[in-house]
Protein chains: 2
Amino acid sequence: MALVNPHGGGALKPLLLEGSALTAEQARARTLPQLKVSSREAGDIIMLGIGGFTPLDGFMTRADWEGVCDGMKMTNGLFWPIPVTLSTDDEAIKAGSDIALADGETGEILATMKVNEQYTIDKAHECMEVYKTTDMEHPGVKMVMAQGKYNLAGAIKVLSTGGFKEKYGEQFMTPAETRAKFQEIGWTRVAAFQTRNPMHRSHEYLAKIAIETMDGVLVHSLLGALKPGDIPAEVRSEAISVLVDNYFAPNTVIQAGYPLDMRYAGPREALLHALFRQNYGCSHLIVGRDHAGVGDFYGPFDAQKIFDEIPKDALETKNMNIDWTFWCNKCGGMASQRTCPHTKDDRILLSGTKVRSMLSEGQDLPVEFSRPEVAKVLQKYYAGLSAEENVKVELKGHSAR
Amino acid sequence: MALVNPHGGGALKPLLLEGSALTAEQARARTLPQLKVSSREAGDIIMLGIGGFTPLDGFMTRADWEGVCDGMKMTNGLFWPIPVTLSTDDEAIKAGSDIALADGETGEILATMKVNEQYTIDKAHECMEVYKTTDMEHPGVKMVMAQGKYNLAGAIKVLSTGGFKEKYGEQFMTPAETRAKFQEIGWTRVAAFQTRNPMHRSHEYLAKIAIETMDGVLVHSLLGALKPGDIPAEVRSEAISVLVDNYFAPNTVIQAGYPLDMRYAGPREALLHALFRQNYGCSHLIVGRDHAGVGDFYGPFDAQKIFDEIPKDALETKNMNIDWTFWCNKCGGMASQRTCPHTKDDRILLSGTKVRSMLSEGQDLPVEFSRPEVAKVLQKYYAGLSAEENVKVELKGHSAR
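What you are looking at is a predicted structure, and each value in this text was computed from that prediction instead of being measured.

## Concerning the packing of helix α3 (residues 62-71) of chain B against helix α4 (residues 123-131) of chain B
Residues and elements named next belong to chain B. With their axes 8 Å apart at the nearest point, α3 and α4 run at an angle of 40° to one another. In terms of orientation, α3 lies oblique with respect to α4. Along the contact surface, α3 presents Trp-65, Cys-69 and Asp-70, while α4 presents His-125, Glu-126, Glu-129 and Val-130. The residue makeup of the contact of α3 with α4, split by class, is three nonpolar, one polar and three charged.

This is the structure:
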């Protein structure tokens, strides 16, 4: 048995330069006109840099954008579920321009780009196809609608991982690194558990179902930007570490993170999650309830169903669907709607809002809902927030899952 | 998605005659010399009758016996892990003989056979290859060593299902019937849970892991003969029914039974279990600890490992390996050695002997070990046994798992 192949069937294609090529390109980059990129674009650049978006070599052309929006297919036939695009309002940047792409927040130059196309898109069309809505309340839609007037296509050379390695250390593993790790420890059947939240018992259960029948689980945390009110990556990481240390058997979990921002595109994003997990070497992606969703924009199992609608050979990494999970008093254990015949009244269900308010008031969570060690880490975090911040978190958190 | 194909890739091949062909052959059978068959042979005949041993058309020749013993392969290239043979001490039955095969216990004529070969075998060789031992304490070895001097090969015509349908009613489903049922309810990913015991929580957990990620589970009970001291099929069936009714979600479990005797061949029998589950339409066989084993003749996970040693295309039905399962107090839930990092002291583990003695004394089992509804059914059964029988059950049960 071998690991799944990188997407497209070839080798990993990290666009990050190294050694003297990097030094030379950095020098050249400083001479180029700069384009400040958004947080989402910065995440995509770094992902291209580390090979997570293999086999892309840069930002998409208009034809690819259209093919991806309308049929999840690039002009070369490659399966791709969400446009990876760069935008600007600067009319001066055109086909033929050489530009430097700088982080909009830090100003760091992340990449250089040879622009080969400047084009306009129907943003609402992208939103309808990819996000299934044009509602500005949808944070992914808001990001698309806030893009510049023009999209720019072209290959990029990546010059930096934007501080992720420095900030997250060993946890920021590249696809080559996770693959090397899996090979070293002999894993081939690996389920990725996508997370942007701390893991409570329902998430532990999802991961353990995978561990029961596979070699192990990659708990793969989003390290990029989230909605306001979501718990920062370093707190999540600590909460996950205490869980793994106390409740998982040795050598069954690897914790790592990846640099993207959430798009909250639900089903389409679940496909992207599976696609880049293939690059990281995972054979499966755990797809639970409302995967990558937000508010009520998607049906709770739309992100599972979409895997039945794509061509069988689109992805080597397969979805592992699991229903809504919880503790049930009558079952006397963790269960899901597929395995528990009892009613809502028998189940320990707490909304995100309720959990946040309990934690910020220093209350313990029921042990059937969250491991005490995990709750302690979160209580500490909320205790450190000001009263005002806590209210904000609570209000913002209302529609989040 | 479609169901897995019957073994060999063709259609199901039930050898049971019907209608006027049955009536005519029954009349002819009464005129033929009779061979009384053993309980194991009777089970095999009925399994051939209902198509569970598709694509076999009768008992194996010497060449097939040898190929199966030595390389799990028949002369036509078909994968088969355990010899399906018929024996006699009667020298008068030879190639060319037409005989009737009668149940050794009831005398009912089960089949007719055109003998095309009479041959002798090295029984110890069969035992070493298939059972990995010639120890007469092994019940499968004992059965082989008790066989007649000659094996008889030839195609059979099956005339009866030996009373299983009458005794077990709807629970005795044929492969055609389980397949039709799966198709009716839209199942294609179906895990078979092989059982010859009542289901305690550890077994419930195995089945539920499968249900979490598949369409459903076929709880498939052995209805043939077991070791002395094992619980009769009708009691097991009642205990499983109360479990399913109270603790499984609707439409996730089908309970059925099959007519074979246990051979206790461990790894080789696990392969046979997967093979005939393919005929029943199951995509997976759950393989737990010491599957189809007895005493300490096999390593606890030998029956899982053997699936890695057979050719990839030998079987469409795949193994779903699950480690030793139990309740763990520190986990606060069901777990296995793959998912629980704690120690033996934290786990609720009861030997079969202990469970039997508690039940026969009318004691309750811990709710973490067995569902109260299940324990009640078993208590009632043990209460109905005489004190003497209980002692016997307890002693015999000592080496059983």
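Once the structure has been displayed, the description carries forward.
## Observations regarding the relation of the copies chain B and chain A
After a rotation of 180° and a shift along the axis of 0.0 Å, chain B superposes on chain A with an RMSD of 0.0 Å. Look at the turn and shift together and you get a two-fold axis relating the two. Identified as the residue of chain B closest to the rotation axis by C-alpha distance is Gly-333 of chain B, at 2.6 Å. A symmetric contact is evident, with 100% of the interface residues of chain B recurring at the interface of chain A.

## As for the domain arrangement of chain A
Where the parts come together, the accessible area they lose is often given as the size of the interface. All names here are of chain A. The domain boundaries assigned to chain A delineate domain 1 (19-162) and domain 2 (169-394). On a C-alpha basis, the centroid separation for the pair domain 1 and domain 2 is 28 Å. Of the residues lining the interface, 31 residues belong to domain 1; the matching set on domain 2 comes to 27 residues. In total, domain 1 and domain 2 occlude about 2,400 Å² of area from one another, counting both sides; carbon and sulfur atoms represent 70% of this. Sorting the residues of domain 1 by area buried against domain 2 places Ile-50, Phe-79 and Ile-82 first, and these three jointly supply 24% of that buried surface. Scanning the region where domain 1 abuts domain 2 turns up one salt bridge.

## Details of the packing of aromatic side chains
In this structure the tally under the stated criterion is 16 aromatic pairs over all chains. Ring centres 5.5 Å apart and planes at 20° place the aromatic pair Phe-164 of chain A and Phe-172 of chain A in the stacked group. For Phe-172 of chain A, a relative accessible area of 1% gives the class buried. Cluster of aromatic residues (ring-pair linked, three or more members): Phe-164, Tyr-168 and Phe-172 of chain A. One Lys or Arg, Lys-208 of chain A, reaches over the ring of Phe-248 of chain A and ends 4.9 Å from the middle of that ring. Directly above the aromatic system of Tyr-258 of chain B lies the positively charged group of Arg-277 of chain B, at a separation of 4.8 Å from the ring centroid.

## Digging into the sheet that holds strand β14 (residues 333-336) of chain A
Within a sheet, each strand pairs with its neighbour through backbone hydrogen bonds, oriented either parallel or antiparallel. Residues and elements named next belong to chain A. Across the sheet, which stays open at both edges, the three strands sit in the order β14-β13-β15 with antiparallel pairing between neighbours. Pairing within the sheet leaves two strands with one partner each, and these edge strands are β14 and β15 (347-348). Of the strand pairs in this sheet, strand β13 (residues 325-328) and β14 are connected by four bridges, and their pairing is antiparallel. The partner of Cys-328 across the bridge, within β14, is Gly-333. In the packing of helix α8 (residues 201-213) onto the sheet, contacts are made with β13 and β14, and the angle to β14 comes to roughly 75°.

## Overview of the interface of chain B and chain A
Each partner contributes to the interface: chain B provides 32 residues, whereas chain A provides 32 residues. Interface of chain B and chain A: buried area, both sides summed, is about 2,200 Å²; carbon and sulfur atoms make up 49% of it. When the area that chain B buries against chain A is broken down by residue, the three leading residues are Glu-212, Arg-338 and Thr-339 of chain B, summing to 33%. Across the contact surface, chain B and chain A share zero salt bridges.

What counts, and at which threshold
- Residues numbered from 1 in each chain as written.
- Chains lettered and ligands numbered in written order.
- Predicted model: local features only at pLDDT ≥ 70, side-chain atom pairs only at ≥ 80, totals over all residues.
- Heavy atoms only, no water.
- Axes fitted to C-alpha atoms, helices over the stretch in contact; angles between N-to-C directions.
- Helix = DSSP H or I, 4+ residues; strand = E, 2+ residues; numbered from the N terminus.
- Parallel < 35°, antiparallel > 145°, perpendicular 65-115°, else oblique.
- Contact = heavy atoms within 4.5 Å.
- Nonpolar A, V, L, I, M, F, W, Y, C, P; charged D, E, K, R; others polar.
- Least-squares fit on C-alpha atoms with pLDDT ≥ 70 in both.
- Domains from an automatic or database assignment.
- Buried area = accessible area lost by both parts, 1.4 Å probe.
- Salt bridge = Lys/Arg side-chain N within 4 Å of Asp/Glu carboxyl O.
- Phe/Tyr/Trp six-rings, centres within 6.5 Å; stacked < 30°, edge-to-face > 60°.
- Buried < 20%, exposed > 50% of the residue type's maximum accessible area, 1.4 Å probe, protein only.
- Lys NZ or Arg CZ within 6 Å of the ring centre and 35° of its normal.
- Pairing = 2+ DSSP bridges.

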